[in-house]
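Structure at a glance
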Amino acid sequence: MTQRGSIRIEGAVKKHDQLTVLHGIDLDIKAGEFFVLLGPSGSGKTTTLRVLAGLESLSAGKVFMDDEDVTSKEPGERDVAMVFQSYALYPHMSVEENIAFPLKMIGQNQSSRNLAAREAATKVNIEHLMDRKPGQLSGGQQQRVALARAIVRQPRLFLLDEPLSNLDAKLRLETRIELRKLQRSLNVTTVYVTHDQEEAMTLADRVAVFMEGKIVQIDTPRNIFARPATLTVASFIGSPPMNLLAAQWQGSTITFKNGDSLQIEQSTAASREVIFGVRPSDLAPSAEGVSATVELIEDLGDSITVALLIDQQPIKMKLPHTQLIKENETIKVSCQPATVHLFDPLTGQRL
Amino acid sequence: MAAAQAIDSGALALARQERRFAWYLLGPSLLLLLITTTAPLVYLGWTSFFRLDMTMPWLSGFAGLDNYGKMLGDPRFMNSLWLTVVYTSSTVCLQILVGLSLAMLVQQIPKGQALLRIAAILPIVLAPVVVGLFWRTLVLAPDVGLVDLVTRALGLGSQNWLGDPQLALISVIAIHTWQWTPFAFLVFLATLATLPADVYEAARLDRANAWQRFRYLTLPLIRPAIIMVVIMRTMTALSAFAAIFAATGGGPGSSTEILNLYAYRTSFTELNLGYGSSLAMVLLGLTLAVSYVMFKRRKAAK
Amino acid sequence: MKQTIPRQLMLFTAAGLLLTVWAFPVIWGILTSFKTERDVLAYPPVWIFTPTLDNYRAVLSGADSILPNLWSSIVVSSTATLLTMLFSVPAAYAIARLKYPGKQTSGFYVLVTQMLPPVGLVIPYYLVLQRIGGLDTYSGLILIFLTFSLPFAIWLMVSYFEDIPLEMEEAALLDRAGRLRALWYVILPQVRGGIAVTTIFVFLNSWNEFMFSVLLGGNRVRPVTVAMFNFISVEQTQWARLAAAAIVAMAPVILIGLAAQRHIVKGLTVGAVKGGGRR
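Residues numbered from 1 in each chain as written. Chains lettered and ligands numbered in written order. Predicted model: local features only at pLDDT ≥ 70, side-chain atom pairs only at ≥ 80, totals over all residues.

Considerations on the overall build of chain C
Assigned secondary structure in chain C consists of 14 helices and zero strands. In chain C, the order of α-helices and β-strands from amino to carboxyl end is α-α-α-α-α-α-α-α-α-α-α-α-α-α. Projected onto its principal axes, the C-alpha coordinates of chain C cover approximately 75 × 70 × 30 Å. Scored against the burial criterion, the 279 residues of chain C give a buried share of 49%. Across chain C, contacts joining residues at least 24 apart in sequence account for 79% of those joining residues at least 6 apart. (Helix = DSSP H or I, 4+ residues; strand = E, 2+ residues; numbered from the N terminus. Buried ≥ 20, exposed ≤ 12 C-beta atoms within 10 Å, placed from the backbone. Contact = placed C-beta atoms within 7 Å.)

Considerations on the overall build of chain A
When helices and strands are tallied, chain A shows eight helices and 17 strands. The principal-axis extent of the C-alpha atoms belonging to chain A is close to 75 × 45 × 40 Å. Counting contacts in chain A only where the partners sit at least 6 residues apart, residues at least 24 apart contribute 63% of the total.

So, the interface of chain C and chain B
Each side of the interface is counted separately: chain C has 78 residues, and chain B has 78 residues. With 13 residues, helix H1 (residues 5–33) of chain C is the single largest residue contributor to the side of chain C that touches chain B. Residue composition of the side of chain C that touches chain B, by class: 60 nonpolar, 15 polar and three charged. (Nonpolar A, V, L, I, M, F, W, Y, C, P; charged D, E, K, R; others polar.)

Side note on the sheet that holds strand E14 (residues 303–310) of chain A
Residues and elements named next belong to chain A. If you walk across this open sheet you meet the four strands as E15-E14-E13-E16, and the pairing is antiparallel. The open sheet has two edge strands, strand E15 (313–320) and strand E16 (330–335), and neither has a second partner. Adjacent strand axes in the sheet meet at a mean angle of 55 degrees when their direction is disregarded. When E14 meets E15, the two strands line up antiparallel, connected through eight bridges. From the neighbouring strand, Ile 310 faces E15, where its bridge partner is Gln 313. (Pairing = 2+ DSSP bridges. Axes fitted to C-alpha atoms, helices over the stretch in contact; angles between N-to-C directions.)

Things to note about the domain arrangement of chain A
For interface size, the figure often reported is the accessible area lost on association. For chain A, the domain assignment lists domain 1 (7–229) and domain 2 (243–343). Centre-to-centre, using C-alpha coordinates, domain 1 of chain A lies 40 Å away from domain 2 of chain A. (Domains from an automatic or database assignment.)

So, the pairing of strand E11 (residues 243–255) of chain A
Pairing of E11 of chain A with strand E12 (residues 261–278) of chain A involves 11 bridges; the strand directions are antiparallel. Within the sheet, the bridge partner assigned to Leu 245 of chain A lies in E12 of chain A and is Phe 276 of chain A.

Concerning the nonpolar core
In terms of nonpolar packing, the biggest core is built from 259 residues, with Val 130 of chain B together with Met 228, Ala 245 and Ala 246 of chain C touching the most fellow members. Looking at this core element by element, the count peaks at 17 residues for helix H7 (residues 138–162) of chain C. Aside from chain neighbours lying at most four places away, what touches Val 130 of chain B is Thr 225, Met 228, Ala 246, Ala 249 and Met 250 of chain C. (Core = buried A, V, L, I, M, F, W, Y, C linked by C-beta atoms within 7 Å.)

Focus on H7 of chain C
Residues and elements named next belong to chain C. In a regular helix each residue adds 1.5 Å, so 25 residues correspond to 36 Å; H7 covers 35 Å between its end C-alpha atoms and thus fits that length. Along H7, the helix axis deviates most sharply at Thr 147, where the bend reaches about 35 degrees; the proline Pro 151 sits within four residues downstream. With 22 of its 25 residues buried, H7 lies for the most part within the structure. (Expected span 1.5 Å × (residues − 1). Bend = angle between axes of the 7 residues up to and from the residue.)

What about the packing of helix H3 (residues 75–106) of chain B against helix H7 (residues 165–193) of chain B?
Residue and element names in this part refer to chain B. Orientation of H3 relative to H7, taken along the N-to-C sense of each, is 40 degrees, at an axis distance of 7 Å. Taken together, the axes of H3 and H7 are oblique relative to one another. The crossing of H3 and H7 is right-handed. (Parallel < 35°, antiparallel > 145°, perpendicular 65-115°, else oblique. Left-handed = near helix turned anticlockwise from the far one by under 90°.)

Topic: the sheet that holds strand E9 (residues 206–211) of chain A
Residues and elements named next belong to chain A. Reading across from one edge, E6-E7-E8-E3-E9-E10 is the order of the six strands in this open sheet, with mixed pairing throughout. Of all strands in the sheet, those bounded by a partner on one side alone are strand E6 (80–83) and strand E10 (214–219). The mean inter-strand angle of the sheet, taken between neighbouring strand axes irrespective of direction, is 20 degrees.

Observations concerning the pairing of E6 of chain A
Residues and elements named next belong to chain A. Residue alternation in E6 divides its side chains into two sets, Val 80 and Met 82 and Ala 81 and Val 83, and both sets are buried. Bridge count for E6 against strand E7 (residues 157–161) is four bridges, and the pairing is parallel. Considered in E7, the bridge of Met 82 is made with Leu 159.

Here's what the structure looks like:
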């Protein structure tokens, strides 16, 4: 028996009066996958999530769940559960009543409801809070109640709208791990929206990167990190973000504005302008390379981040803490040819 | 694009459900309002074009704009308009001045605010007609009333508060102000409590004195509340009836006969319902005009 | 910063003024209701006197009893309040949280109906009710009470509904509640306080109403506000009895006011900040 929970979106377009929010989204999500929609605010990722929920209608396009066309189906009829960013807990009901509510709505009797609610609560470790009201809980506890309410129905799809954004940093990290474990144990298709690329990288089986209402890349986190498809994706993923410099490319040589050059793997016949990209952790001081002035050194304990200027452009370099560099020094830096990313300056596409 | 159309109808079905639900909920009330408010007003307008004098029923019939024409030459009408303006503006200004001052003073007494709240609520929950009667008898009556006792104790003698035309107007304004100032007081007290404390601390550091702090910080910050109070109190003052009716009945003569009362007396004491209708129409127009202007200003202020 | 003595004095004067000017008259009225007519008219005023219940006896039993009027008030006010709440709560929910065509206009219409001067409504009502024999009937009076209660209640409830976070219905819909059950199980419990406050205000407004009661009521349907005038006429004023009648007539609203004072204050300020309101 094939597992349920495969999702497909075809050509989804959403307009708000004259403003187009989604420019034609295509998504194919496998059953049981942890799929992340990543992008900056306003990029359309939350709208897409709400389209899956049935809370937003489409101007054009279709949504399929398990090969069934659900585009015109109401939110309640899609067998989908959602955790809102604000959790949307029912403040006048106890935790138990909150979690049991979806079951009450489909007519389950009280005792089986409460049993299922308790089971769901145990999965997220809040079974001791069943009699409290949401107002008496901390942010983290409220979030778990929202999760429990979502899983109690055993839906075919979980939708999570930036569930960690209201938590403090430490709690965020802990909850992230728990979420992943929970999803693995339940094996339910999960679509997760976030603007935090670190969250996306650590949680996702696959990521869809949203920019301005379009998807610019769908791939595993590793692949997106290793081979970002566009300039915007490259500058969005990774912390600190990828360094990007304008340069000339001819043959196998990249020449920078200050005259220094580097050898790379790819080669081209004619000379062309490119955007040269390299991650801070792939740069290192070397004998031969591009000259740079050290501006500032941030000592993070186990590593140092060096802010450099190449051609008056700010560049960052990440090194182990054992390296000795001094501020205001002029040094040469270089990188392995395999770690170089090249982008077309006009289209932003990867070369 | 058949596919797109299919999608639209699906999306529309969801929106259609919401619309239908909304109409089930709202429809009955709208219908009720139409029957109880709009239809009567249309009828009122209709009546205003008729001559409908119960004391001279043989003269009833269509009269066109006669009633309205009559108004223009009616000194009692002009008087009532003037009184309405004076009454409304005086009481609203007083309510705001007194209410705001008291609120600012009381705000600084954290204890005992509960007691003051009770004192403020009492006038508001009383029936205006009872308030009017009360002031007529126990407060303003000669020999027995509170005010009389006080003025005599202070050696200022007795005044005929409700019998003297000038004093009567002052009296009814005082009555209305007495009853409704607590409303302004409570609203301002609540609003003042929401003002951010750190802004005042910054102002103190900038060497602003109390008056400056009031003028440049407090006033602008509570401006929305002031506007709202003005609107609500003006509406109440324009339709004030029971208290004046109970205290003076519109008299002595016509010295407290605001338009409201003039329309009432014309219709139900002099039984000239046609003319009374036209007077009521003018009041209606006045009220709508005033509320329109006020809401426009409120929107502009936002 | 230390409070200086004159400043404290000023504050207490203000508070004292408040209490004296606003609370004292009511206390004076209560005192008067326990005096004999002679004591009331005495000058200098008597502070120590033998209280008597005669006035209350006269007002509550016997020929001048206002008990029938109390009954009229109870019937009319309660029914009007109940009907108002039944209609206004769903209507307010629709205006506050649902999307439908004509939303702006209907909201504006409700707002405008709140501003109508009563004298403008009472004339046509009188004419129509007279023709169909609806004067001096409970239904006739209750119907016109709706004209000022319904828009006011809708507007007040709208502000309470607007306070609920937007996602409540969405979460309930996803939980398969459907629109009606979402309203019943999720939204309404959250505006319980608002419903209480609105009910109180609507009841107060109805109980204290005068103009409609005096013109459209009669001998059978005669709320207490009209009955007050039994004790005052051109020839004489029965001071003490009037005071007693006033106390009895106002006792319900005063008690409600004291019991629900926090609610009332909150209701006043909510109404003032968020939208129009007639009281």
